[in-house]
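Examining the three-dimensional arrangement
Listed below, chain by chain, are the residues.
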Amino acid sequence: CAGHVNWDVTLRVDHLPAADGEASITEQQQSGGGSASNVACALAALDVPTALLGSVGTDENGHLARRALSEAGVDCAPLVTVEGETAVKYLVVDTDGELMVLGNDGANESFDATDLSDDALAAADHLHLTSQDPETAASLAARASEAGLSVSFDPGRRIHARNYAETLSLADLVFLNKREATTAIEEHFGPIEDLARVIAIKHGGDGAEVLTPDGEYANHDGFPVDAVDTTGAGDAFAGGFIASMLDDETPTRPDYERALAVANACGALAASECGARTDLSWERVESTLADR
Ligand code: ADP
């Protein structure tokens, strides 16, 4: 996985503050975050050997972020420490699970992946990219494709502000939520059906669907849960989807239904817990699938 490494501070409040209003903090929790890091943790929890490319700062939060990743079983060897502060995000969540994100990009701004050797890259089967500087994303996607890896990309909400055309054209699999799919992609690249990629579109509690360039279609309902915080639900979804695809023993006809079911189960587990990371395991995923 390549992209952001954050240190998250989740503030649970009684309601999201209006512009001039105040909200009382009912609970505060700190944990690792950052889209690429969350996907890496989800993959590691689902028994996929996973390394993370990204950067942390020289501050205490950098140590905390690195330690949390290592404890989650993620290989941090390619993680670079740069002078300065680790990205800190404040996730403000109200009683309906609604979210407001504040914070800085810190060391994530310095991530450039030039230190990654071709040999290290070629040792992997798959590269998952998340929101980051478009040149770095495109260069990593090109290097990975060249080395024979499959590539997935989740541009996240920054698709509105950044030009990811090159990375989108290089990725085999693209993750988008409904908003990203209907607005940004169509604004930049024309109808979504014309994209030459497998696209997984996430629909929150309603589940998700897959569109393929061959006109294949699959969908799967979401799993009903009491959503308390949907931070990281999309990342858990991506982790579940990729783990399922890598585990697929019928590569001539990928089992998208199974991948969507696993991904929705991971997303639902993430939505039902506070914080960006989720205590995932195949046991929990299988038990969610069996409960349907
Ligand atoms: P993103 O977090 O990337 O914006 P979504 O909000 O669509 O994407 O959530 C990603 C996935 O997480 C969904 O496709 C679904 O599987 C799961 N999910 C999200 N919210 C809920 C919810 N309220 N109930 C059950 N599953 C959810």
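So, here is what we can say about the structure in this document. All of these numbers come straight from a predicted model, not from anything done at the bench. Counting from 1, residues in each chain are numbered in the order their sequence is written. Two thresholds apply to this predicted model, a pLDDT of at least 70 for residue-level local features and 80 or more for giving and counting side-chain atom pairs, whereas whole-chain, interface and lining totals are computed over all residues. Side-chain measures were taken over the full set of non-hydrogen atoms in the model, leaving aside hydrogen atoms and water.

1. Examining the sheet that holds strand β10 (residues 198-202)
Two strands pair if DSSP finds at least two bridges between them. Helix numbering and strand numbering both begin at the N terminus, where a helix is a DSSP run of H or I of at least 4 residues and a strand a DSSP run of E of at least 2. The six strands are arranged β7-β8-β9-β10-β11-β12 in an open sheet whose pairing can be described as mixed. Among the strands making up the open sheet, the edge pair consists of β7 (126-130) and β12 (217-220). Averaged over all neighbouring strand pairs, the angle between strand axes comes to 15°, with direction disregarded. Judged from the five bridges that link them, β7 and strand β8 (residues 150-154) form a sheet pairing that is parallel. Along β8, the bridge assignment pairs Leu127 with Val151. Orientation is described by lines fitted to C-alpha atoms, with helices fitted over the stretch in contact, and by angles between N-to-C directions that extend from 0 to 180 degrees.

2. Here we look at the site of the ligand
For the ligand, the set of nearby residues contains 17 residues, the closest of which are Asn177, Lys202, Gly204, Gly207 and Asn264. The backbone of Gly234 places a nitrogen or oxygen atom 3.3 Å from an oxygen atom of the ligand. Protein chains bury 82% of the 550 Å² of accessible surface belonging to the ligand in isolation. Elements with a minimum of two residues in the shell around the ligand: α7 (233-247) and α8 (256-271). In terms of residue count, the dominant contributor to the shell around the ligand is α8 (four residues). A molecule or strand has a residue near it when one of that residue's heavy atoms lies within 4 Å. Each polar contact in these results corresponds to two N or O atoms within 3.5 Å; when the atoms are within protein, one needs to be able to donate a hydrogen and the other to accept it, and residues that are neighboring in sequence are counted only if both atoms are side-chain atoms. Working definition of accessibility: Shrake-Rupley area with a 1.4 Å probe, residue cover restricted to the visible protein chains.

3. Thoughts on the sheet that holds strand β2 (residues 25-33)
Pairing is mixed across the open sheet formed by four strands, whose spatial order is β2-β1-β5-β6. Since the sheet does not close on itself, it has two edges, and those belong to β2 and β6 (99-103), each with one partner. Ignoring which end each strand starts from, the neighbouring axes of this sheet average 20° apart. Sheet topology note: the strand β5 (residues 87-93)/β6 ladder contains five bridges and is antiparallel. Looking at β6, one finds that Val92 is bridged to Met100. This element, helix α2 (residues 60-71), spans β1 (6-13) and β5 of the sheet and lies at about 90° to β1. Should any heavy atoms of two residues lie within 4.5 Å, those residues are considered in contact.

4. Brief notes about the packing of α7 against α8
Interhelical geometry of α7 versus α8 gives an angle of 150° and a closest axis separation of 7 Å. Judged by the angle between their axes, α7 and α8 are roughly antiparallel. Crossing geometry of α7 relative to α8 is assigned as right-handed. Facing α7, whose interface residues are Ala233, Ala236, Phe237, Gly240, Phe241, Ser244 and Met245, α8 presents Tyr256, Arg258, Ala259, Leu260, Val262, Ala263, Asn264, Cys266, Gly267 and Ala270. Residues of the contact of α7 with α8, tallied by class, amount to twelve nonpolar, four polar and one charged. For classification, angles of less than 35 degrees are called roughly parallel, those exceeding 145 degrees roughly antiparallel, those between 65 and 115 degrees roughly perpendicular, and all remaining angles oblique. Each helix crossing is assigned a hand: it is left-handed if the near helix lies turned anticlockwise from the far helix by less than a right angle, otherwise right-handed if that turn is clockwise. Under the scheme applied, nonpolar residues are Ala, Val, Leu, Ile, Met, Phe, Trp, Tyr, Cys and Pro; charged residues are Asp, Glu, Lys and Arg; polar residues are all the others, including Gly.

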